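# Overview (structure and organization)
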Amino acid sequence: MTLRGPLALLSGSILASVVLTGICIVFQGAGIRLNTSAPLPIGLYRTTSDKAARLIEFCPAEPAASLSVNRGYRRRGNCPDGAEPLLKPIVAVAGDTVKVSPQGVAVNGRLLPNSAARPFDTKHRPLPHWPFGEYRVPPGRLWVISSYNVRSFDSRYFGPVSASAIRAHLRPVLTE
């Protein structure tokens, strides 16, 4: 017996979903992360034990965690809030000076490209930014900003991240 029409379509989409889920589980177990979000180049990233790697995976703290989930900035995942972790480059560490201004974020006097906070998200909802000012990064904290995409949800909106939130350091394997 062969399936036809809507039942065949449903059966095919279920199979595709099961296969994709299986691939993701295998990748996760092998330390491979598939990034399909715009703040970084689309592609494969591998976890590394090298703590000097400047790309990290982390779960955001409150209130950024709830904001990102409620607004749909993050898909379902394995963070405590039920959403996926964020992948972001580290731009400042303990001892660095970070200046947040209308022009963007500068680290140690160097303005990062594409780092100006946007007043609204893509659905025209107000997007509060981290307060303008100059900050010295304290021990145990870091700033993450993707200059790859001007709409990245990162430290320009939620400020410094606790180093204890880092789940993995990453290196690109195959990206666009």
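Above: the structure in question.
Quick caveat: nothing in here was measured; it's all calculated off a predicted structure.

### Some points on the packing of aromatic side chains
- For the coordinates displayed, the defined rule picks out seven aromatic pairs.
- Pairing Phe-58 with Phe-158 gives two aromatic rings, centres 6.3 Å apart and planes at 65 degrees, and the pair type is edge-to-face. Of the two residues, Phe-58 is situated in strand 3 (residues 55–58) and Phe-158 in helix 3 (residues 155–158); the sequence distance between them amounts to 100 residues. Phe-158 matches Phe-58 in its accessibility class, with the two residues each being buried.
- Ring pairing ties together the aromatic residues Phe-58, Tyr-73, Phe-153, Tyr-157 and Phe-158, which thus form one cluster.

### Things to note about the state of the cysteines
- Scanning the model with the defined rule gives one disulfide in all.
- Residue Cys-59 pairs covalently with Cys-79 via a disulfide, S to S 2.1 Å. What sets the handedness of the Cys-59 and Cys-79 disulfide is the S-S torsion sign, and at about -90 degrees it is left-handed. Placement of the pair is Cys-59 in the loop between strand 3 and helix 2 (64–70) and Cys-79 in the loop between helix 2 and strand 4 (86–92), with a sequence separation of 20 residues. Across the pair, exposure class does not vary: Cys-59 and Cys-79 are buried alike.

### A closer look at the sheet that holds strand 1 (residues 32–35)
- If you trace the seven strands from one edge of the open sheet to the other, you get 1-2-11-3-4-9-10, paired in antiparallel fashion. The open sheet terminates on both sides in strands that have one partner only, identified here as strand 1 and strand 10 (161–162).
- Summarising the sheet, strand 9 (residues 141–144) and strand 10 pair through two bridges and their orientation is antiparallel. Paired with Leu-142 across the strands is Val-161, a residue of strand 10.

What counts and how
Residues numbered from 1 in each chain as written. Predicted model: local features only at pLDDT ≥ 70, side-chain atom pairs only at ≥ 80, totals over all residues. Heavy atoms only, no water. Phe/Tyr/Trp six-rings, centres within 6.5 Å; stacked < 30°, edge-to-face > 60°. Helix = DSSP H or I, 4+ residues; strand = E, 2+ residues; numbered from the N terminus. Buried < 20%, exposed > 50% of the residue type's maximum accessible area, 1.4 Å probe, protein only. Disulfide = S-S within 2.5 Å. Pairing = 2+ DSSP bridges.

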